[in-house]
Structure formats: C-alpha cells, structure tokens
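# Secondary and tertiary structure notes
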Amino acid sequence: MTAQKVLQLSDLTQDTAVRVEVDGVAIAVVLDGQGEVHAIGDTCTHGDISLADGFVEGDSLECWAHGSAFSLRTGRPLNLPAYEPVPVYEVTIDGDDILIDPAVTKAVN
Ligand code: FES
C-alpha cells in the first residue's frame, strides 16, 4: 500500500480534528497549535465514538463521550476510562497535500 492524498493543508483549521477514511480505515487528522499535522485512529478504544468529534488540547485529542484524551504523538490514552492506544499514522506533506498510508503505523513507545 502506498501513501494516499487525504486532504490539503488548507482544509485544516488549527486545533480542530477532521475525520477521513482511507481504504476503510477511519483516521482523525489534526493540525496542532505548532503547525504540525498528526494522524491517529479515529475510533476511541473505549467505545464506538469518532475522536474527530472531540476536542484538541495541546498535543492530545479528547473523546467527547467520557473524556479520555489520546496523545497525538503516541496514540496512548492519557487518562481513563480508555486504556488501549489508538494507532498513529505516518504523515507526509507534499506541498499543500497531506498523504497518509493507512497500513503504516508509527511504533508506540
Ligand atoms: S467512548 Fe471515548 S472515552 Fe468513552
């Protein structure tokens, strides 16, 4: 599988998540306050909730349902009730294009 164009930088608003689907994989894409683009699994590991409907806080994305915040860098939940991480995807920026390969996840340390 290869990286696919999912959005353009101009589609993103700082500190707001956008849900995209790439080959059936739901991914939340976030432009953080530092101008860095992140891509993590969109489905909360506590329930079937889209994280993109939640809130960006610094470098985490908080699920609106019960408040677990997931690190945009590691995918790890920073607080309960979720305790399983979401995947973190490699993001490639090519000009204004944002490319993501849904088969490639960063190692979670
Ligand atoms: S469904 Fe996300 S914290 Fe409960």
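Scope of this entry: the structure provided in the associated data block. Keep in mind it's a predicted model, so treat the numbers as computed, not measured. Numbering of residues starts from 1 in each chain and follows the order in which that chain's sequence is written. At least 70 in pLDDT is required for a residue's local features to be given in this predicted model, at least 80 for side-chain atom pairs to be given and counted, and no such filter applies to totals for whole chains, interfaces and linings, which use all residues. To obtain the side-chain values, all non-hydrogen atoms of the structure were included, while hydrogens and water were left out.

Glancing now at the side chain of S68. Strands are runs of DSSP state E lasting at least 2 residues, helices are runs of H or I lasting at least 4, and numbering of each runs from the N terminus. Among the secondary structure elements, S68 is positioned in the loop between strand 6 (60-62) and strand 7 (69-71). Contacts described as polar in this section are N or O atom pairs within 3.5 Å, which, within protein, must combine one atom able to donate a hydrogen with one able to accept it, while residues neighboring in sequence count only if both atoms come from side chains. For S68, the side chain forms a polar contact with the main-chain oxygen of L80, separated by 3.3 Å. A contact between two residues is defined here by any heavy atoms of the two lying within 4.5 Å. For S68, the contacting residues outside a window of four places in its chain are L61, E62, C63, N79, L80, P81 and A82.

All right, on to the environment of D53 then. With respect to the helices and strands, D53 occurs in the loop between strand 4 (37-41) and strand 5 (55-57). Summary of the burial criterion: residues with accessible area below 20% of their type's maximum are buried, those above 50% are exposed, and those between are partly exposed, where the area comes from a 1.4 Å probe applied to protein chains only. The class for D53 is exposed, based on a relative accessible area of 52%.

Here we take up the sheet that holds strand 3 (residues 25-31). Pairing within the open sheet is antiparallel, and its three strands lie in the order 2-3-4. For this open sheet the edge positions go to strand 2 (17-22) and strand 4, each flanked by a neighbour on one side alone. Taking each pair of neighbouring strands and ignoring which way they run, the sheet shows an average axis angle of 30°. In this description, strands pair whenever DSSP reports at least two bridges between them. Relative to strand 3, strand 2 runs antiparallel, the two being bridged by six bridges. Bridged to E21 within strand 3 is A26. Angular values range over 0 to 180 degrees, each being the angle between N-to-C directions of two axes fitted as lines to C-alpha atoms, with helices fitted over their stretch in contact.

Pairing within the open sheet is antiparallel, and its three strands lie in the order 1-9-8. Every interior strand has two partners, whereas the edge strands, strand 1 (4-8) and strand 8 (89-94), have only one. Strand-to-strand, the axes of this sheet are offset by a mean angle of 35°, without reference to chain direction. As judged from the five bridges shared by strand 8 and strand 9 (residues 97-105), these two strands associate in the antiparallel manner. Residue V91 lies in a different strand from strand 9, and its bridge partner there is I100.

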